[in-house]
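Chain and residue survey
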Amino acid sequence: MNIGITGLSDLRTQQGLPRPAWLWFIFLGGLLYFGRQQLFPPPLPVLGPPDPAHLAALSASFAQLAGRAPTAGEQAGFVEQALREELLFREAIERQLHLSDPAVQQRLVRNMRFLEPNTRDSNQRLVERALELNMHLTDEVVRRRLVQGLSMLLIAAAEVSPPAESELRAAFEARRTTLIQPARISFVHRLLGDISEDEAIQILTDLRVRGATPQSTQALGEPFVFGHDIKSESWVEVSARFGPAFTRRLRALISESPDTTGWLGPVASTFGQHLLFIQGFQPAREQRFEEAADTLRADLIAEKEAAALDRAVTTFMAGYRVAK
């Protein structure tokens, strides 16, 4: 039998490759596409760099609260915080959370009515117009709301379980030196006003000699806006009422006095000189497990939730090219 070269090639193709031939075109095309995706993947979206004005605002806020400029490490933390917030905001928009959040829609309506106070559009139409203007992408309140909303959804999806008793006790042992029951003090005070310290000492001496009680001295001194009877307050609470200088002086007098009841003073505040009748003082101490259990439980849950959110953010971050 005489078979030409072309016929031999066709025969081999028919014997070695299944029909129809168009399946092979699809297969080879898919193979080439897969290879191209592996060798030349599409570029990742860019996250960052953060807005310098936003970073400056974070630094200024920190300086105002801390009373000092942030360190280099703290400034780096501001950058990470800004990138994290931008990431969560983008992911929230991707999931269209802004379309179902009533607070976001109310904010957009408010913005539109501020811009067009005489508009007769319905709230729904105002929301649609605000979205057309991309107002949801530039409003800081909307941004914070969406970041918070997505964070809560991610934490809920993690289904964080409450700590077991063994976890609580282990945490208590590890943290017991930091679980402090603060010192608490109870006293009645008399505001003598703007008099000298020597005059206040003379009045104090007379009270002690007479054995005066708080009840017998109700007419002494001036009215005080925060009241005269202080019951079981911490030093932080006392400082909020009377000021830091008052609290420092009172703490010094308490540390020098062997008694936890009786008249002490004078103690000056921005309101004037005070005389105090100490009714009770409990020094700071370590908390017992039963006292610390609720705080520990809340702390451990918060730590687990933060870890779950961190894992989600790390997963999202892998889909971006980060520019700092």
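Residues numbered from 1 in each chain as written. Predicted model: local features only at pLDDT ≥ 70, side-chain atom pairs only at ≥ 80, totals over all residues. Heavy atoms only, no water.

Details of the pattern of salt bridges
Scanning all chains against the criterion turns up 23 salt bridges. Across the salt bridge formed by R175 and E303, the nearest N and O atoms sit 3.0 Å from each other. Here R175, found in helix α8 (residues 165–175), pairs with E303, found in helix α12 (residues 289–317); they are 128 residues apart in sequence, far enough to count as distant. Relative accessible area serves as the criterion here: at 25%, R175 is assigned to the partly exposed category. On the basis of relative accessibility, which here comes to 40%, the residue E303 falls in the partly exposed class. Through salt bridges that share partners, E86, R90 and R143 make up one connected network. (Salt bridge = Lys/Arg side-chain N within 4 Å of Asp/Glu carboxyl O. Helix = DSSP H or I, 4+ residues; strand = E, 2+ residues; numbered from the N terminus. Buried < 20%, exposed > 50% of the residue type's maximum accessible area, 1.4 Å probe, protein only.)

Describing the sheet that holds strand β6 (residues 272–282)
Strand order in the open sheet formed by four strands is β4-β3-β6-β5, and the pairing between neighbours is antiparallel. Where the open sheet ends on each side, the last strands, each with one partner, are β4 (229–234) and β5 (262–269). The mean inter-strand angle of the sheet, taken between neighbouring strand axes irrespective of direction, is 35 degrees. Strand direction decides the pairing type here: strand β3 (residues 184–193) and β4, joined by four bridges, are antiparallel. The residue bridging R184 from the neighbouring strand is S234, located in β4. Helix α9 (residues 197–210) contacts β3, β5 and β6 of the sheet and is inclined by roughly 165 degrees relative to β5. (Pairing = 2+ DSSP bridges. Axes fitted to C-alpha atoms, helices over the stretch in contact; angles between N-to-C directions. Contact = heavy atoms within 4.5 Å.)

Focus on the confidence of the model for the protein chain
As a note on interpretation, predicted positions should not be read in detail where pLDDT is low. Per-residue confidence for the protein chain gives a mean pLDDT of 89; residues scoring 70 or more make up 87%. The spread of mean pLDDT over the elements of the protein chain runs between helix α1 (residues 5–16), the lowest at 47, and helix α6 (residues 123–132), the highest at 97. Within the model, the stretch residues 1–13 combines pLDDT values under 50 with one contact to residues more than four positions away or in other chains. (pLDDT = per-residue confidence, 0-100.)

Overview of the packing of aromatic side chains
Within this structure, the stated rule accounts for nine aromatic pairs. Ring centres of F187 and F242 lie 6.0 Å apart, and the angle between their planes is 45 degrees; this geometry places the pair in the tilted category. Taken as a pair, F187 in strand β3 and F242 in helix α10 (residues 235–242) lie far apart in primary sequence, 55 residues in all. F242 gets classed as buried once you look at its relative accessible area, which sits at 3%. Each ring, one from F224 and one from F271, has its centre 5.0 Å from the other, and the planes form 85 degrees; the classification is edge-to-face. (Phe/Tyr/Trp six-rings, centres within 6.5 Å; stacked < 30°, edge-to-face > 60°.)

Side note on unusual backbone geometry
Note that the residue after G48, namely P49, is joined by a cis bond; omega there is -5 degrees. A positive phi is found at N134, a non-glycine position, where the angle reads about 60 degrees. Within the fold, N134 resides in the loop between α6 and α7 (140–158).

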